[in-house]
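Structural overview
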Amino acid sequence: MSTSTTESMPVAITPTAPSADPALRRARQERRLRLLLPVCAISFALLMWEFLVWYNEVPHYLIPAPSLIARTLVENFGSLMGSAWFTVKLTLMSLALAISGGVALGMIFALSRPIEMSLFPFAVILQVTPIVAIAPLILIYVPDTFWALLICAWIVAFFPILSNTAIGLRSADHNLRDLFTLYRATPLQRLRYLLIPSALPYFMAALKIAGGLALIGAVVAEFVAGTAGQNTGLASRILESSFRNEIPLMFAALFLVSALGIVIFLVTSWLSTAVLGHWHESEIKRTR
Amino acid sequence: MTQPAQITLSHVEKRFGNGTLALRDMNLSIREGEFVSFLGPSGCGKSTALRMIAGLLEPSGGTITVNGREAGDGGDVSFVFQDATLMPWATVFDNVMLPLKLRGLGRAEARAQVEEALGMVGLTKFASSYPRELSGGMKMRVSIARAMVTKPRLLLMDEPFAALDEMTRFKLNNDVLELWRKQGLTVVFVTHSVFESVYLSSRVVVMGSRPGRVVHDLPMPEGPRDEHYRTTARYAETCRIVTEALEGTMDHVDINH
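Analysis parameters
What you see as residue numbers is a count from 1 along each chain, following the sequence as written. A letter from A marks each chain and a number from 1 marks each ligand, given out in the order of writing. For this predicted model, a pLDDT threshold of at least 70 governs which residues receive local features, and a threshold of 80 or more governs which side-chain atom pairs are given and counted, while totals over whole chains, interfaces and linings are taken from all residues. To get the side-chain values, all heavy atoms of the structure are used, and hydrogens and water are removed first. UniProt positions are given in the numbering used here, feature names are shortened, and annotations may be inferred rather than shown by experiment. A pair of strands is treated as paired once DSSP finds two or more bridges between them. Going along the chain from the N terminus, every DSSP run of H or I of four or more residues is numbered as a helix, and every run of E of two or more is numbered as a strand. Residue contacts follow a heavy-atom distance rule, with two residues in contact if any of their heavy atoms lie within 4.5 Å. Axis geometry follows a simple rule: fit a line to the C-alpha atoms, using only the stretch in contact for helices, then measure angles between N-to-C directions, giving values from 0 to 180 degrees. One confidence number per residue, pLDDT, is output by the predictor and ranges from 0 to 100. When describing relative orientation, an angle under 35 degrees is termed roughly parallel and one over 145 degrees roughly antiparallel, while 65 to 115 degrees is termed roughly perpendicular and anything else oblique. Note on convention: the crossing is left-handed when the near helix lies turned anticlockwise from the far helix by less than a right angle, right-handed when the turn is clockwise. Each residue receives one of three labels: charged for Asp, Glu, Lys and Arg, nonpolar for Ala, Val, Leu, Ile, Met, Phe, Trp, Tyr, Cys and Pro, and polar for the others, Gly being one of them. Each nonpolar core is a collection of buried residues, namely Ala, Val, Leu, Ile, Met, Phe, Trp, Tyr and Cys, held together in the definition by side-chain atoms within 4.5 Å. Exposure is judged per residue with a 1.4 Å probe applied to protein chains only, and the accessible area is read against the type maximum: over 50% gives exposed, under 20% gives buried, and values in between give partly exposed. Delimitation of the domains relies on an automatic or database domain assignment. Joining two parts hides part of their accessible area as seen by a 1.4 Å probe, and the buried area is that hidden amount summed over both. Salt bridge, as applied in this entry: a Lys or Arg side-chain nitrogen positioned within 4 Å of an Asp or Glu carboxyl oxygen. Any N or O atom pair separated by 3.5 Å or less is treated as a polar contact, with the protein-specific requirement of one donor-capable and one acceptor-capable atom, and with residues adjacent in sequence counted only for side-chain atom pairs.

If you look chain B up in an unreviewed UniProt entry, it shows as ATP-binding cassette domain-containing protein from Paracoccus litorisediminis. What UniProt states about chain B under its Sequence similarities (unreviewed entry) heading is, verbatim, "Belongs to the ABC transporter superfamily."

Printed below as a string of structure tokens:
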């Protein structure tokens, strides 16, 4: 249609291309910069690292160059992936348990004040006691190491889910509650149509925190158990390499732990946007 | 005049848990088809009275009958809150559908009624918008559509337009009047604006505070209510009478604080 218009009009009106729109162009530029700048910064840091190690002839058992770490990563790919899978399994299972347990208990808390008042101290005690302090005990009492590690990671990830679910379920607008009373909503309807949607933003915030905490819990528990058990998680690989003075392998395992944390963060952030993006203030992008 | 009373309050008293006496010995009877405003300063118990009629609050003394039953049992009552009180996670359509959904109706069964209610307030085109995309006046109209979707006999409104600008308020005043006329509703309207109460109501109940009580029960002149009515001498005169009645309820503390 636009071609026919330009043909019929000999006057030199250049049709505005979408890229000519300054607002659109700015937005695209911003997107490009958002990707480009971090990539450049990280590349620069890695290059500096590589250069300084090479220039000062730092031995690889003190600080290995990024290229050596990458090579170690490739050479030990199979065994490192096995360890990574162990840690992933541990993290995801503890997160799943934290979600199911935290949501269930959070709902009970929201329904009953007396139960909350009696059980909340236990949750707080579990939360404030450092996991490294409890882990040895759990490792003694739980014969299977994997389960012991799972319990440790779960304790760390559990609390934010519990506390945010309980707060979220109570945060429903009072007038909306009255409205549901007025229309004689059943308790189930009230839960499904009012309380759960009101709690979702709180829950998603907790999920972002708990995802990271589950990984931390898994790694810390592995460290504590590392000397005792025959584990193959990433943290025990770091520990093991440190005993053998294999610094490049330590860095390679460390890299995988960070990568895992980043993936967890990206997935939970994406999930949060997918669930809340169309309505909640925290996820809405404002046009300026 | 011959219709039976739809709402009866007799010797109603409300004392809150903290000991505040919010309402003392309120006696009132509202017939079907009336448009009654509760007018008074803040703290006069007008909202409390409305919430008790809705069954959202229990009176601590006296009885309230709505549609021949105890308040809260009658059903067939809708409530519009001061803020629009919409669910931010649901579209306009889903917000309006809520009362029907809570009655167990499916989306397909409810569609016609929801669309009719949206049509009443002129928001058919915004069915799939989210509340955050609407202006304050539009949100309030969604709230009214939600109240109307069950075709209630009684509409209770708690200072619904207090937070809106004057142009929007005038427009919504006319919308409510039209609904009242066309649907044969009974409306109980809580407001602190003399002009609004005189414009809308067939009867203004003036209330005083400390403790909340009914001071005057003033019938309003009959006749058409439209933009022209706001400029008539009769409207001005009625407003003056109601203002004097309202000022009579306040001691100097209320005025000079």
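Looking now at the sheet that holds strand 4 (residues 61-66) of chain B. Residues and elements named next belong to chain B. Strand order in the open sheet made by the four strands is 2-1-4-5, with antiparallel pairing throughout. What marks the edges here is a single partner per strand, and that holds for strand 2 (21-31) and strand 5 (69-70). When strand 1 (residues 5-15) meets strand 4, the two strands line up antiparallel, connected through five bridges. Paired with T8 across the strands is T65, a residue of strand 4. Along the sheet, helix 1 (residues 46-54) contacts strand 1, strand 2 and strand 4; its crossing angle with strand 1, the most-contacted strand, is approximately 120°.

Attention now moves to the confidence of the model for chain A. Parts of the prediction with low pLDDT should not have their coordinates interpreted in detail. Across chain A, pLDDT averages 85, with 90% of residues at or above 70. Predicted confidence for residues 1-13 of chain A stays below pLDDT 50, and this span has two contacts to residues more than four positions away or in other chains.

Residue and element names in this part refer to chain A. In contact at an axis separation of 9 Å, helix 6 (residues 131-141) and helix 9 (residues 187-226) are set at 55° when each is read in the N-to-C sense. As far as their axial angle goes, helix 9 and helix 6 are oblique. Seen from above, helix 6 lies across helix 9 with right-handed handedness. Contact with helix 6, carried on its side by I131, V132, A135, P136 and L139, involves V220, V224 and A225 of helix 9 and no other residues of that element. Broken down by class, the residue content of the contact of helix 6 with helix 9 amounts to eight nonpolar, no polar and no charged.

For the rest of this paragraph, the subject is the nonpolar core. Among soluble globular proteins, nonpolar side chains are generally buried collectively. The biggest cluster of nonpolar side chains holds 63 residues, and the ones touching the most others in it are M26, F38, I53 and L156 of chain B. Per-element tally for this core: the top contributor is helix 9 of chain A, with nine residues. Here M26 of chain B is in contact with L9, S10, H11, V12, F38, A49, M207 and V214 of chain B, once residues within four sequence places are set aside. Core analysis: the next-biggest nonpolar cluster, separate from the first, contains 51 residues, V96, L134, L164 and V206 of chain B among them.

All names here are of chain B. What the domain assignment reports for chain B is domain 1 (5-76 + 155-256) and domain 2 (85-151). At the junction of the two partners, domain 1 supplies 13 residues and domain 2 supplies nine residues. Taken together, the two surfaces of domain 1 and domain 2 that pack against each other cover about 870 Å², and 80% of this comes from carbon and sulfur. Taken as a group, L172, L179 and Q183 account for 39% of the area that domain 1 buries against domain 2, more than any other trio of residues on that side. Counting across the domain 1 and domain 2 interface gives zero salt bridges. At the junction of domain 1 and domain 2, the tally comes to zero residue pairs in polar contact (both at pLDDT 80 or more).

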